[in-house]
Amino acid sequence: MAREIPYIAAVQEAIRVEMERDPTVVFYGQDVAPSDEDPLVQAFGRERVRVSPISETAEIGMAVGLALAGYRPVVELLMAEFMLVAMNQVVNEAPRLRYMSGGQVKVPAVFKAGYGFTAGWAGQHTGSIYGMFMGFPGLKIALPATPADAKGLMAAAIRDDNPVCYLINYLLVLEHGDVPEGEYVVPFGEAAIRRGGSDVTIVATGWTVGQALAAAETLKSEGIDAEVIDPRTLNPLDTGTILSSVEKTGRLVIADQGTRHGGASAVIASEVAEHGFSSLKAPIAQVTALDVTVPYSEPMEAYVLPNAEKIAGTVRQVLGEAPVAA
Amino acid sequence: MEQLDNDRLVWMFTQMLRIREFEERVKRTFEEHPGVIRGHTHLADGAEASIVGSLAALQPGDQLMATYRCHGYPIALGTDTKSIMAEIYGRKDGLCGGYGGSMHLADPGRGFMGTSGIVGQGIPQATGLAFAAQLRGQSQVVLSFFGDGASKQGAFHESLNLASLWKLPVVYVMENNNYNVATRSEQEDANAAAGQPLSTKAAAYSMPGVTIDGGDPVAVYESVGAAADRARAGEGPTLVESKVYRLSAHGNIIAPPGVPLHYPEHEAITTFGNREEYEAALRGDPVPRFRARLIEQGALDPARADEITQEVRDEMDAAVKFALDDPFPEPEAAARNDYVYA
Amino acid sequence: MWRIRLFEERVAQLKRTLQVHGLIHLSIGGEGVAAAVCRQLRDDDSVYSGHRAHGHAIAKGAPLDRVMAELMGRESGLCHGLGGSMHLVDSEHGFMGATGVVGGNLPLALGTALTQHLEGTDQVTVVFFGDGAVQAGHFNESINLAALWKLPVIFVCENNGMAEFTSRDEHSTIERVSDVVAPYGFERTTVEGSNVPAVYEAFAAFLEAARAGQGPMLLECVTYRRRGHYEGDAEKYRDPLAEQAWAERDPLAQLQRRSLNDGWIDESSATAIEQDAAAEIEEAVRFGRDSPFPDPDSLATLVYAAT
């Protein structure tokens, strides 16, 4: 049974369902349920649902400790950039302890944060920084682009025995979509084909999935049939689905809200360049944010970020329908 | 906390000696078997009384986290010293299969949940273990071991604040050896510079803070034991500043591949030219001091002490031999996906 | 204070009509501290702030029109529209920056204070932060270093008892921030933030010592955050302060009452001050509205400083 609810409600629903199902799931963070009237507090009490001070190193480090002790913490970090305050715990501790112990321990923790706040939240709150996390084996990354995936990927993240950066895109929080009731899990490492097509493959993440679909509509009226793939998780990354698609279409455009360098787009491009070279009829093209700190002023902010128009324009280029910019 | 009878006191002495003899052999490996130990090791010689006194307060189900100076804890907990030495030598039967090395020992089955190689970063993790203990509600306690250097870290501040706010069952044991690598505490700590004990910091967290002689295992046991009792009773955390003196340098020298590694002299001598401080510490060495005290109070017979010493030396010699003979892991074992991901 | 109060109220209106966009945190309730502290500083003294920075910037001398233009994202803004509310900088007047990361500027303030020691000047550094920042690790690291090196930095904590949407007792067992720094031997004092003369005097004493190279100090000002954490915050987590109670905690109303009572000013001067401020703000709004948006092509040139 599915019904339409907003993305942000789907996230909360997943947490609630998993907490009901598994008494070892614990949820805490800054401003999480300050009031005792909050539904999660009402349902699970103040032991399992806590407010913590602004102390990211302790909040994330504690999650590691809880996980080592057999619990499944979900830490609300609010914004991905705040993870940077505790970078050591996120990348140098959580994903490495299992390996260094020779497999003796595991760290099932979920680091939940928002990203992509482009709405004048300015340079330090707006970033799509997950690209750098792809360089830390052991750390999984989920980027839900739909309300159903917001629920399903959160459930999967909580059930996963590894540390997961679960990142919600703030531009999507009020998007409504069909979300199944009850337990619902979307497995990691399985990309979703959002739109079938034969002329070009567009791989898009998070908010840019919607932009890619809008671009596909525009392109359809020009006789261009685009396939849009949403990887859903960057680690594990479903390169199989992407490569099959490129084999069919021969062309790849990647859209991501992060910067061009050190980002998800670069990793995907390099995988296809190496393993799908013989399928390519044109160079791979990337539609990412510019390599600048995101500016505050609205027209500049819009200029920096990818969007449907830029994606459509880039598709035309790889199809040779438009001149390549100097 | 239980009273210490003679058997328990002799046990404490034995564990202290085991740590000392193990660490001596790690150090000797650099001279006797150059190239066998790679990277960076950190020895607990001088801290035995603090380690053993603290662990003596543990009950089954309790847990701890430590720093990269971690050999002493699993030794006292009963982990097989052959496997610890093999881990330090990078062999396949090492405690962590050769994956971690000296700085990353772990024996979760005995409550030793692991370490961090980064100063202070195990403190929030121990705090998380205590959060779990609170949830379980089985009167477990967690010991968080760290050095004086860590108390300048944000991780220390955040963890102690949270633990006191939520009354988590954790005892923060700061082994203050007055040095952070080659820097003296007065050079980097405002309290030390003002001549105050570092336990003063506890006041910022509404937490009791005590400073004790970490060279006296009974004093450590009583202090950590009392703090553990408080924690078990739901009264929250305590900061115990245990004053120790490490008898070796911070670690072996750090050098690029090809340069033979060795243990230099203590930084008191090499950096500060203060041989007298070091010699005084040697004279106050907690291991022979405790042996003499137990003999004097009749808890330990000199012949038995010698016997124990020989047994311990034999045990540690066997550990070295085992580790030297143990093969390396298969190179492909590095790519074990089930160790990267659970 | 009138300039800050009216500016912030106008910004609230402009935010509602989307002429100012993004994440905005207003200083209403904190004007007394901003004014009493910054009024005593010179342009070559450095001030750092947090995300609730408009009042500090204005009090330190940032021109109203350029602050408004920045909030409107215009090229003529203090930061050419690049930074916005949480990233105001006016280096000409010594306002070295706001930040979006709670407590993020504390370590920076230490660095600036250190240069003052190195150069042997009598310049001082002030860093504003809220009670929420005190639990962050970098606070501990900063106070240890500041105390160890006796840096001429004055920490000014506006303790409004709220950190984002939760009250202080959910963040710490210690109510007064000056008690948190007590173990580090800081010169410290706590004053009522709405009592402007008290703030002024307390800060003056610290300032004198800091100019002589002494430090560090902590001035804790107990304030009331009149509005939500940010503009748009429905504040369901709070009981609204009754108007009467607010009048007692409003630094502007208090000072005005006292000034009139003590005869420092008369009614007509008080009104004139308010009206002048209102006119200045309207001029700033006009300036902002008339200013063009920045040229996107200028963006890339500002990523790196030229060598």
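The rules behind the values
All residue numbers here refer to positions counted from 1 along the written sequence of the relevant chain. Chains and ligands are labelled sequentially in the order written, the chains with letters from A and the ligands with numbers from 1. The model is predicted, so local features are restricted to residues of pLDDT at least 70 and side-chain atom pairs to those at 80 or more, both for listing and for counting; the totals for chains, interfaces and linings are taken over all residues. How far each domain reaches was decided by an automatic or database domain assignment. Whether two residues are in contact depends on their C-beta atoms, placed from the backbone: they are in contact if these lie within 7 Å. A run of H or I in DSSP counts as a helix once it spans at least four residues, and a run of E counts as a strand once it spans at least two, with each numbered from the N terminus. Residues are grouped as follows: Ala, Val, Leu, Ile, Met, Phe, Trp, Tyr, Cys and Pro are nonpolar; Asp, Glu, Lys and Arg are charged; every other residue, Gly included, is polar. Expected span of a helix: the number of residues minus one, times 1.5 Å. Any residue surrounded by 20 or more other C-beta atoms within 10 Å of its C-beta is treated as buried, while 12 or fewer makes it exposed and the intermediate range makes it partly exposed; C-beta atoms here are placed from the backbone. For every residue, the predictor assigns a confidence score, pLDDT, that lies between 0 and 100. Buried Ala, Val, Leu, Ile, Met, Phe, Trp, Tyr and Cys residues whose C-beta atoms connect them within 7 Å together make up a nonpolar core. At least two DSSP bridges between two strands are needed for those strands to be called paired. Only the stretch in contact is used when a helix axis is fitted, and all axes are lines through C-alpha atoms; the angle between N-to-C directions ranges over 0 to 180 degrees. Roughly parallel means an angle under 35 degrees; roughly antiparallel means over 145; roughly perpendicular covers 65 to 115; every other angle is labelled oblique. Crossing handedness is read from the near helix: turned anticlockwise from the far helix by less than a right angle, it gives a left-handed crossing, and turned clockwise, a right-handed one. Note on handedness: a crossover is taken as right-handed if, strands pointing away from the viewer, the path from the first strand over the helix to the second is clockwise.

Student: How do you make sense of the domain arrangement of chain A when you look at a structure like this?
Tutor: A common way to express how large an interface is: the accessible area buried when the components associate. Residues and elements named next belong to chain A. What the domain assignment lists for chain A is domain 1 (2–180) and domain 2 (192–318). Taken over C-alpha atoms, the centre of domain 1 sits 26 Å from the centre of domain 2. On the side of domain 2, 23 residues touch domain 1, which itself brings 25 residues to the contact. Elements with a minimum of two residues in the side of domain 1 that touches domain 2: α7 (130–133), β6 (140–142) and α8 (147–159). Within the side of domain 1 that touches domain 2, the residues separate by chemical class into 14 nonpolar, nine polar and two charged.

Student: Is there a simple way to explain helix α9 (residues 207–220) of chain A in this structure?
Tutor: Owing to its 3.6 residues per turn, the α-helix brings residues three or four apart onto one side. Residue and element names in this part refer to chain A. Helix length check: α9 (14 residues) gives 21 Å between terminal C-alpha atoms against 20 Å at 1.5 Å per residue, within 8%. Those residues of α9 not exposed but buried are W207, T208, V209, G210, Q211, A212, A215, A216 and L219. On its buried face, α9 is in contact with β7 (164–169), β9 (192–195), β10 (200–204), β11 (226–230), β13 (252–259) and α13 (308–318).

Student: Please clarify how the confidence of the model for chain C should be interpreted in this entry.
Tutor: Should pLDDT be low for a region, the predicted coordinates there are not to be read in detail. Considering every residue of chain C, the mean pLDDT works out to 88; 97% of them sit at 70 or more. Note on the complex model: pTM 0.88, ipTM 0.84.

Student: How should I be thinking about the interface of chain A and chain C in this particular structure?
Tutor: The interface is formed by 25 residues belonging to chain A together with 32 residues belonging to chain C. Per-element accounting of the side of chain A that touches chain C gives the leading share, four residues, to helix α12 (residues 298–304) of chain A. Across the side of chain A that touches chain C, the residue classes tally to 14 nonpolar, nine polar and two charged.

Student: Would you explain the environment of Y263 of chain B in this entry?
Tutor: Residue and element names in this part refer to chain B. Along the polypeptide, Y263 turns up in the loop between β8 (238–243) and α10 (267–270). Residue classification places Y263 among the partly exposed positions, given that 18 C-beta atoms sit within 10 Å. Along the chain, Y263 and S248 lie 15 residues apart, while their C-alpha atoms are 7.7 Å from each other. Beyond its immediate sequence surroundings of up to four residues, Y263 is in contact with K27, F30, S248, A249 and N252.

Student: Explain the interface of chain B and chain A to me, please; I cannot follow it from the model alone.
Tutor: Contact residues are listed per partner, giving 33 residues for chain B and 35 residues for chain A. Secondary-structure elements contributing two or more residues to the side of chain B that touches chain A are β2 (112–116), α5 (122–136), α6 (154–166) and α14 (337–340) of chain B. With nine residues, α5 of chain B is the largest single contributor of residues to the side of chain B that touches chain A. Split by residue class, the side of chain B that touches chain A holds 18 nonpolar, 13 polar and two charged.

Student: Please explain the nonpolar core as it appears in this structure.
Tutor: Across soluble globular proteins, you tend to see nonpolar side chains buried next to one another. Counting 299 residues, the largest nonpolar core has F111, I202 and V253 of chain A, V171 of chain B together with V156 of chain C as the members making the most contacts within it. Domain assignment of the residues forming this core places at least three in each of domain 1 (2–180) and domain 2 (192–318) of chain A. Formed by five residues, the second largest nonpolar core is a distinct cluster that contains V294, M300, V304 and L305 of chain A.

Student: Explain the sheet that holds β10 of chain A to me, please; I cannot follow it from the model alone.
Tutor: Whether parallel or antiparallel, the strands of a sheet pair through hydrogen bonds between backbone atoms. Residues and elements named next belong to chain A. Ordered by their spatial adjacency, five strands build an open sheet running β9-β11-β10-β13-β14, and the pairing between neighbours is mixed. At either end of the open sheet lies a strand with only one pairing partner, and these are β9 and β14 (285–289). Across the sheet, the mean angle separating the axes of adjacent strands is 25° when strand polarity is ignored. Two elements, β10 and β13, share four bridges in a ladder whose sense is parallel. Bridging across to β13, V203 finds its partner in I254. Running at roughly 170° to β11, α9 makes contact with β9, β10, β11 and β13 of the sheet. Strand contacts of α13: β10, β11, β13 and β14, with the helix running at about 160° to β14, the strand carrying the most contacts.

Student: What should I look at first to understand the packing of helix α1 (residues 7–21) of chain A against α8 of chain A in this one?
Tutor: Helix-helix packing: each pair is described by the crossing angle between the helix axes and the interaxial distance. All names here are of chain A. The geometry of α1 relative to α8 is characterised by a closest axis approach of 8 Å and an angle of 30° between their N-to-C directions. Between α1 and α8, the crossing angle belongs to the class labelled roughly parallel. You can see that α1 and α8 cross each other, and the crossing is right-handed. For the pair α1 and α8, contact is made by Y7, A10, V11, E13, A14, I15, V17 and E18 and by P147, A148, A150, K151, M154, A155 and I158, respectively.

Student: Whenever I open this one, the pairing of strand β7 (residues 187–192) of chain C confuses me. Can you help?
Tutor: Every regular strand shows the same layout, with side chains that alternate between the two sheet faces. Residue and element names in this part refer to chain C. In the sheet, β7 pairs with strand β8 (residues 217–222) via six bridges, with the strands oriented parallel. Note on β8: the bridge partner recorded for V191 is C221. Handedness of the β-α-β unit built from β7, helix α8 (residues 196–211) and β8 comes out right-handed.

Student: Would you mind going over the sheet that holds strand β4 (residues 170–176) of chain B with me for this structure?
Tutor: Residues and elements named next belong to chain B. What the six strands build is an open sheet, ordered β2-β1-β3-β4-β8-β7; its pairing is parallel. Either end of the sheet is taken by a strand with one partner, and the two such strands are β2 and β7 (209–213). When strand polarity is set aside, the average angle formed by the axes of neighbouring strands in this sheet is 20°. Bridge count for strand β3 (residues 142–147) against β4 is six bridges, and the pairing is parallel. Each residue of the ladder has a partner; that of F145, found in β4, is V173. On the sheet, α5 packs against β1 (63–67), β2, β3 and β4 and is oriented at approximately 170° with respect to β3.

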